[in-house]
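# Observations on the model geometry
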Amino acid sequence: MGKGAGCCPSKKRQPRRDSPPLSMALSNSAIDTDGTGRTSAEATAAAADALISQDTLKIFIVYYSMYGHIEALAKKMKEGVDSVEGVQGCLFRVPETLSCDVLERMQARPKDESIPVISAAELPAADGLVFGFPTRFGAMATQMKAFFDSTGQLWQAQQLAGKPAGVFVSTGTQGGGQEATAWTAITQLVHHGMLFVPIGYTFGAGMFKMDEIKGGSPYGAGTYSGDGTRIPSDLELAVADHQGRYMAAVVKRLVTA
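Predicted model, so just to flag it, every value in this text is computed and none were measured.

### Quick look at the packing of helix α3 (residues 69-82) against helix α8 (residues 234-256)
Helix packing for two helices is described by the angle between their axes and how far apart those axes are. Their axes nearest at 7 Å, the elements α3 and α8 cross at an angle of 45°. With respect to α8, the axis of α3 lies oblique. The element α3 and its partner α8 pack so that their crossing is right-handed. Along the contact surface, α3 presents Ala72, Leu73, Lys76, Met77, Glu79, Gly80 and Val81, while α8 presents Glu236, Leu237, Ala240, Asp241, Gln243, Gly244, Arg245 and Ala248.

Take a look at the structure:
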């Protein structure tokens, strides 16, 4: 699988050890390329990149988006994750289940091909996970459910047990399932033994604003799509950014404790 948004799944994380000082590590990696004692610049840079990658926590933001609403929240959430030192957000799409002909008839938005499609086998490489999806009658869209249905081997081995996980959603109307869609998704996390991380009311006063229509709930960020032409508001995007930062902070505390 190719890189996505500057991130590629790493191998299963080993127990953390204190890293040696960067200068010492680079010194040990010096390569005498021509017998004169000069160090290869390429080897030095590679050693630095390896140390940085080793110490960077990964949060996978895994989503399905048909009309771009969830994708907009996902990209904003990645910004929030990336703003926390030592944590990197990685964007992934789940596989599409509809044919191109059906998607065209539904006037679906073209996929962002720069964001890779993830397989279930790659999930254990994450230190934390956030899943985003639109609602279908109060539950996650079929594409995301099909992805979860493909995680049977991970469930059998409980490879995701103990991993922090959150959700964010999109609905067509105010009564269309902002909380129900998140609530019904928690069953997927529970059977895997994942630790559900809601945002509660940590966003502050913005959670109580009544002078504009806004998606989101204590379960996680959210937006309203309406007839498909409405785009996420600045407030909804701000909640997504907050959820990214909040999740990054939680993952960082749990992994480095």
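Past the structure itself, the notes keep going.
### Considerations on the pattern of salt bridges
Following the criterion strictly, the structure yields 11 salt bridges and no others. Across the pair Glu113 and Arg93 runs a salt bridge whose closest N-O atoms are separated by 3.5 Å. Here Arg93 lies in strand β2 (residues 87-93) and Glu113 lies in the loop between α4 (100-105) and β3 (128-136), a separation of 20 residues in the sequence. The buried category is assigned to Arg93, whose relative accessible area is 10%. Arg105 is the salt-bridge partner of Asp101, the closest N and O atoms lying 3.2 Å from each other. A residue pair is termed a helical-turn pair when its members lie 3 or 4 positions apart in one helix, as Asp101 and Arg105 do in helix α4 at 4 residues.

Parameters and conventions
Residues numbered from 1 in each chain as written. Predicted model: local features only at pLDDT ≥ 70, side-chain atom pairs only at ≥ 80, totals over all residues. Heavy atoms only, no water. Axes fitted to C-alpha atoms, helices over the stretch in contact; angles between N-to-C directions. Helix = DSSP H or I, 4+ residues; strand = E, 2+ residues; numbered from the N terminus. Parallel < 35°, antiparallel > 145°, perpendicular 65-115°, else oblique. Left-handed = near helix turned anticlockwise from the far one by under 90°. Contact = heavy atoms within 4.5 Å. Salt bridge = Lys/Arg side-chain N within 4 Å of Asp/Glu carboxyl O. Buried < 20%, exposed > 50% of the residue type's maximum accessible area, 1.4 Å probe, protein only.

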